Amino acid sequence: MEPQLPGSIGTSTSLAIRLGQALFSVASLLFMCVGVQFYAYTSFCFLVTIKGLTIPWSLTLAMVDAYSVFVKRPSRQLQIVFIIVMGDWILSFLSLAAACSTASVSDFMVTEAGALFCGGKMCNRYRLSAAMACLSWSLSLASALFNLWRLPSLYSNY
């Protein structure tokens, strides 16, 4: 049995990373959506859309990781790991774009526009949402890198 790379699919580290992604994505979504009119700004709508995609992706792969950890049989199928790597990279780039656009718009609202666009409490919620999105992105990138690192070892088995 080959040693597992910590953080790759089917390990307890991957389970923790996936749960962290889902937790930070839910927090970002809650800070953005509850009691705030986010739909007036395109970058905020983009963040909500991407986090709406990230949450089911992370939770589904967390269930796969939990099953693999408890059964002690990680996935060694090349096609499945390749699909996971591609999905992780796509969602990672989209999450980075959404987090950066939200952070830049909320920073513009605070520094340049002042109280014209949002009050202090609402702007702080936008900023917190962007911070949670950045934390979610960092975990998504870590997961994508770990799984990408594992991919060549699966090619050598064929």
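Residues numbered from 1 in each chain as written. Predicted model: local features only at pLDDT ≥ 70, side-chain atom pairs only at ≥ 80, totals over all residues. Heavy atoms only, no water.

**Brief notes about the overall build of the chain**
- Summing up its helical and strand segments, the chain has four helices and zero strands in all.
- Based on the C-alpha atoms only, the size of the chain along its principal axes is roughly 60 × 25 × 20 Å.
- For the chain, buried positions account for 41% of its 158 residues.
- Here the contacts in the chain between residues at least 6 apart in sequence split such that 82% fall between residues at least 24 apart.
- Carbon and sulfur atoms make up 74% of the accessible area of the chain, which totals about 8300 Å².
- Each charge sign in the chain was given a centre, from 9 positive and 5 negative side chains, and these centres are 10 Å apart. (Helix = DSSP H or I, 4+ residues; strand = E, 2+ residues; numbered from the N terminus. Buried < 20%, exposed > 50% of the residue type's maximum accessible area, 1.4 Å probe, protein only. Contact = heavy atoms within 4.5 Å. Areas by Shrake-Rupley, 256 points an atom, 1.4 Å probe, with all protein chains shown as cover. Lys, Arg positive; Asp, Glu negative; His and termini not counted. Charge placed at Lys NZ, Arg CZ, Asp CG, Glu CD.)

**Some points on the UniProt feature "transmembrane region" (unreviewed entry) in the chain**
- When the UniProt feature table is mapped onto this chain, "transmembrane region" (unreviewed entry) is found at residues 21–40, 46–68, 80–106 and 126–149.
- Secondary structure across residues 46–68 divides into 100% helix and 0% strand, with the first and last C-alpha atoms of the span separated by 33 Å.
- Its end C-alpha atoms 38 Å apart, residues 80–106 is made of 100% helix and 0% strand. (UniProt positions renumbered as here; feature names shortened; annotations may be inferred.)

**Overview of the packing of aromatic side chains**
- Counting across every chain of the model gives three aromatic pairs.
- Pairing Y41 with F44 gives two aromatic rings, centres 5.3 Å apart and planes at 70°, and the pair type is edge-to-face.
- The exposure class assigned to F44 is buried, which follows from its relative accessible area of 0%.
- Plain terms: the ring middles of W89 and F93 are 5.6 Å apart, the flat faces sit at 35° to each other, and that makes the pair tilted. With a gap of four residues between them, W89 and F93 both fall in helix 3 (residues 78–111), about one helical turn apart.
- Pairwise contacts between aromatic rings join Y41, F44 and Y126 into one cluster. (Phe/Tyr/Trp six-rings, centres within 6.5 Å; stacked < 30°, edge-to-face > 60°.)

**Notes on the environment of S95**
- Mapped onto the elements, S95 comes out in helix 3.
- On the basis of relative accessibility, which here comes to 1%, the residue S95 falls in the buried class.
- Separated by 42 residues in the primary sequence, S95 and W137 have C-alpha atoms spaced 5.6 Å apart.
- Excluding its chain neighbours within four sequence positions, the residues that come into contact with S95 are I50, K51, T54 and W137.
- A distance of 3.5 Å separates the side chain of S95 from the side chain of K51, its partner in a polar contact. (Polar contact = N/O pair within 3.5 Å; in protein donor to acceptor, adjacent residues only side chain to side chain.)

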